[in-house]
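Chain residues, written in single-letter form:
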Amino acid sequence: MGFAPSGLAVFDAAAVRAALGYGAAIPAVRQAMVDLSTGRVRQQLRSFISLGAGRTFAIMPAAFVGADRPGYFGAKLVSVYNDGQGRKAHEGLVVLFDGASGRPVCLADAAEVTAIRTAAASAVATDALARPEADTLALVGIGRQALAHALALSSVRRLRHIRVWGRDPAKALAFAAQVQAATGIDTQAHDSVQRAVAGAAIVCTVTAAADPILRGDWIAPGTHVNVVGSSGPAQAEIDTDLVAASRFIVDHREHVLVHGGEFLRAKAAGILGNDHIAAEIGAVLAGQAPGRQTAEQITVYKSLGHAVQDLAATAWLYENARHPATSPLPIVDGHAVAERLGYDTCIPIVRQAMTALSKGETQQLPRGVLPLDHGHMFGVMPGALNDGPFGAKLVAVFPDNFDKGLPSHQGVIVLFDRDSGRPLGVVDGGEVTAIRTAAASAVATDALARPEAKTLALLGYGEQALTHARAIARVRRLSRITVWGRAPDRAAAFAARLGAELGLPVRTAASAQEAVVDADIVCTVTAAKEPILQGAWVAPGAHVNVVGSSIAGPAEVDHDLVIRSRFIADCREHVLRQGAEFLRAKAAGLIGDAHVAAEIGEVLAGHAEGRQSAEQVTLYKSLGHVVQDLAAAWPLLKKD
């Protein structure tokens, strides 16, 4: 399981700059915009984890779907650190997965990709919306994005003049000289926004302004305006007059309705409604909606940026640019994880992570699941350790990979440094998940199973069955293991392998009932859609780890076992949202939310009871949570 470092292309900022020119970025972004507006993209709204003191972790997943040939999917992960003076530092990665195999294939510096593709998107919008003869550009802002916009827009319009404004006049003069040197176009600095935009046919606002700096009455008829700098609902670069007076075109309607500060302010003032969004730019490009309707019309393109643009630019790099020979970012592949993350190491780490989660000492968002083509899924799980890094696990779930000789779960764990916001490195997600999931079940077994428990039943014979046997053997002195699976020959081969490895008697059972009837500990580690384990078969005093189903829908155990057990969750919130077995019993009216007796971390901390009697059946519902992954992966990247 896992990937070799040589199989993962890594483009740092310098490599992105060297390879991704606007001649490549503009057509890639244009196609991504069309794909988004014509239903060939699935994406989730960006989500955030607040890290305190002006620090935020943003997560943006997306996928190209519905094409004749499998495309790509992935996510942009970005830390945004505000220095308190209106300046923000962006650090992060775009993580690209192959749509055919589910394999992570490329990492690219997110800040550099974002700078280029944002300007490319504005160039696409300008090409579609600005008057053909437009030859004067006003840049409101003098930062990195302003320069990128000058370079990008000069490739779609024959510019004769560029006018710039910045809050610091000296810096504005220096920036004007920089733009002129880079573009060869006459560039002049102006002492006010109003003077800078006077006579301009194209205007770009690329600032960190919280409140409007551009007024509608300063804009001449026929002007095209790209509104780029504000990316949240609390920020606005242009006033409501300009929003209301314009033909308002957006990069993505859904995002603007949630995060488009300028539009939301005008809407809150009662000046306009949702129908004021005339079209998405992709619909204009696809010929499904008109763009500019008259020469005198003012057009506004509201850019929030969306992950499909980042993925498209990164996919171009992966397919067309020379891959750097070495990675500047530490990468721990699956083989290194297996060698360095033993169960004796991982079990205490996971125990501490579980306790910290239940004490409120960590942060995590509910896992996001993005459906792909052919029943495949992309899972995104962001979180933060209060005393350590933050980051996310990105996992592709391709069940049919088993028949191709490939892992069904492939992915990466990306960790960021809490102090600087910079990526610390990348760890193979599949191998960490296999080990830490089993370690978590071992922690739960140690806390909930009877001390004298010695017989283990494994329902399933895949990777997780193997890791569970290894881990649980660390917390109980097992005398026998029984294995059941749907294919008897595979179950027998697995039993022989397991017995040889652990030096224990391992037998197979003809049915799940036969396997569990005299088991002290039961682990369900299958891909079953419907229950394979009935409560009537489980002996009094047994402990059951329910592991295989990690989303709402597929269920491994029946209502009876859920009802009769003391039901312990790894994370209460997640089980109430995605714990299939619990949700089915609740939907049937058999239990309520209070049936989740405790989180395992509460039991470990002594804040809740675990097993209450020798005869009680205990059930641990494992969905897995990202703080376990982050905690397990972190030591692999630490510098001793």
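So, how was this worked out
Residues numbered from 1 in each chain as written. Predicted model: local features only at pLDDT ≥ 70, side-chain atom pairs only at ≥ 80, totals over all residues. Heavy atoms only, no water. Helix = DSSP H or I, 4+ residues; strand = E, 2+ residues; numbered from the N terminus. Rg over C-alpha atoms; globule rule 2.2 N^0.38 Å. Buried < 20%, exposed > 50% of the residue type's maximum accessible area, 1.4 Å probe, protein only. Contact = heavy atoms within 4.5 Å. Areas by Shrake-Rupley, 256 points an atom, 1.4 Å probe, with all protein chains shown as cover. Core = buried A, V, L, I, M, F, W, Y, C linked by side-chain atoms within 4.5 Å. Axes fitted to C-alpha atoms, helices over the stretch in contact; angles between N-to-C directions. Parallel < 35°, antiparallel > 145°, perpendicular 65-115°, else oblique. Left-handed = near helix turned anticlockwise from the far one by under 90°. Nonpolar A, V, L, I, M, F, W, Y, C, P; charged D, E, K, R; others polar. Expected span 1.5 Å × (residues − 1). Polar contact = N/O pair within 3.5 Å; in protein donor to acceptor, adjacent residues only side chain to side chain. Salt bridge = Lys/Arg side-chain N within 4 Å of Asp/Glu carboxyl O. Disulfide = S-S within 2.5 Å. Pairing = 2+ DSSP bridges.

### Observations regarding the overall build of the chain
In step 1: Scanning the chain from N- to C-terminus turns up 22 helices and 30 strands.
In step 2: Expected size for 640 residues packed as a compact globule is a radius of gyration near 26 Å; at 28 Å, the chain falls within 12% of this value.
In step 3: By principal-axis analysis of the C-alpha atoms, the chain measures approximately 85 × 55 × 45 Å.
In step 4: In the chain, which comprises 640 residues, the share counted as buried stands at 60%.
In step 5: Long-range pairs, those at least 24 residues apart, make up 74% of the contacts in the chain between residues at least 6 apart in sequence.
In step 6: When the accessible surface of the chain is summed, it comes to about 24,000 Å², and 50% of that surface belongs to carbon and sulfur atoms.

### A word on the side chain of His625
In step 1: With respect to the secondary-structure elements, His625 resides in the loop between strand S30 (618–621) and helix H22 (626–637).
In step 2: Of the residues examined, His625 reaches a relative accessible area of 1% and is grouped as buried.
In step 3: Contacts of His625, omitting those with residues within four sequence positions, involve Met354, Leu357, Gln364, Arg436, Asp570, Cys571 and His574.

### Topic: the nonpolar core
In step 1: By size, the foremost hydrophobic cluster in this structure holds 75 residues, and its most contacted members are Phe11, Leu139 and Ile162.
In step 2: The greatest single-element share of this core, amounting to 10 residues, is contributed by helix H3 (residues 110–129).
In step 3: Among all residues touching Ile162, those that are not within four sequence positions of it are Leu137, Leu139, Ala150, Val179, Thr183, Ile185, Asp186, Thr187 and Gln188.

### Let's talk about the packing of helix H14 (residues 429–448) against helix H15 (residues 463–472)
In step 1: Direction vectors running N to C along H14 and H15 enclose 45 degrees, while the axes themselves pass 8 Å from each other. Taken together, the axes of H14 and H15 lie oblique to each other. Between H14 and H15 lies a crossing of right-handed hand. Taken together, the residues of H15 that come into contact with H14 (itself represented by Thr433, Ala434, Thr437, Ala438, Ala439, Ser441, Ala442 and Thr445) are Glu463, Gln464, Thr467, His468, Ala471 and Ile472.
In step 2: For the contact of H14 with H15, a count of residues per class yields six nonpolar, seven polar and one charged.

### Some points on helix H13 (residues 343–358)
In step 1: Given a rise of 1.5 Å per residue, 16 residues ought to cover 22 Å, and the 22 Å separating the end C-alpha atoms of H13 matches this to within 8%.
In step 2: Along H13, the positions that sit buried rather than exposed are Tyr343, Cys346, Ile347, Ile349, Val350, Ala353, Met354, Thr355, Ala356 and Leu357.
In step 3: Of the surrounding elements, those touching the buried residues of H13 are strand S17 (362–364), H14, H15, helix H21 (600–604), S30 and H22.
In step 4: Within two residues after H13, Gly360 carries a phi angle of roughly 75 degrees, on the positive side.

### A few points about the side chain of Gln235
In step 1: Locating Gln235 in the fold gives a position in the loop between strand S12 (224–227) and helix H7 (240–245).
In step 2: According to the relative accessible area criterion, Gln235 is buried, its value standing at 14%.
In step 3: From its side chain, Gln235 meets the backbone nitrogen of Ser231 in a polar contact 3.4 Å long.

### Observations concerning the pattern of salt bridges
In step 1: Enumeration over the complete set of coordinates arrives at 30 salt bridges.
In step 2: Among the salt bridges present, the one from Arg17 reaches Glu112, with a minimum N-O distance of 3.0 Å. Taken together, the residues Arg17 in helix H1 (residues 13–19) and Glu112 in helix H3 connect sequence positions 95 residues apart.
In step 3: Between Lys404 and Asp400 there is a salt bridge; the shortest N-O distance is 3.9 Å.

### Brief notes about unusual backbone geometry
In step 1: Phi angles above zero are rare outside glycine, and Ala53 is one such case at about 50 degrees.
In step 2: Along the chain, Ala53 falls in the loop between strand S3 (47–52) and strand S4 (55–64).
In step 3: In this structure Ala53 comes out as exposed when scored by relative accessible area, which is 74%.
In step 4: In this model, His374 sits at a positive phi of 60 degrees, which is unusual for a non-glycine residue.
In step 5: The residue His374 is located in the loop between strand S18 (368–371) and strand S19 (377–385) in this model.

### Concerning the state of the cysteines
In step 1: With the rule as written, the count across this model stands at zero disulfides.
In step 2: Free cysteine Cys571: the closest other cysteine sulfur is in Cys346, separated by 18 Å.
In step 3: Accessibility expressed as a relative area gives 5% for Cys571, which makes it buried.

### Here we look at the sheet that holds strand S28 (residues 566–569)
Within a sheet, neighbouring strands are paired by backbone hydrogen bonds and run either parallel or antiparallel to one another.
In step 1: Taken in spatial order, the eight strands line up as S25-S24-S23-S26-S27-S30-S28-S29 in an open sheet, and their pairing is parallel. Whereas interior strands pair on both sides, the edge strands pair on one side only; in this sheet they are strand S25 (506–508) and strand S29 (596–599). Ignoring which end each strand starts from, the neighbouring axes of this sheet average 20 degrees apart.
In step 2: Relative to strand S24 (residues 480–484), strand S23 (residues 455–459) runs parallel, the two sharing five bridges. Bridging across to S24, Leu459 finds its partner in Trp484.

### Section: the pairing of strand S13 (residues 247–250)
In step 1: Side-chain alternation along S13 places Arg247 and Ile249 on one buried face and Phe248 and Val250 on a second face that is also buried.
In step 2: As judged from the four bridges shared by S13 and strand S15 (residues 299–302), these two strands associate in the parallel manner. Following the sheet pairing, Val250 is matched in S15 by Lys302.
In step 3: Sheet topology note: the S13/strand S14 (residues 277–280) ladder contains three bridges and is parallel. Within S14, the position partnered with Phe248 by the bridge is Ile277.

### A look at helix H9 (residues 261–268)
In step 1: By the burial criterion, the buried members of H9 are Gly261, Glu262, Phe263 and Ala266.
In step 2: On its buried side, H9 packs onto S12, H7, S13, helix H8 (253–259), S14 and S15.
In step 3: Gly270 sits one or two residues past H9 and shows a positive phi near 75 degrees.

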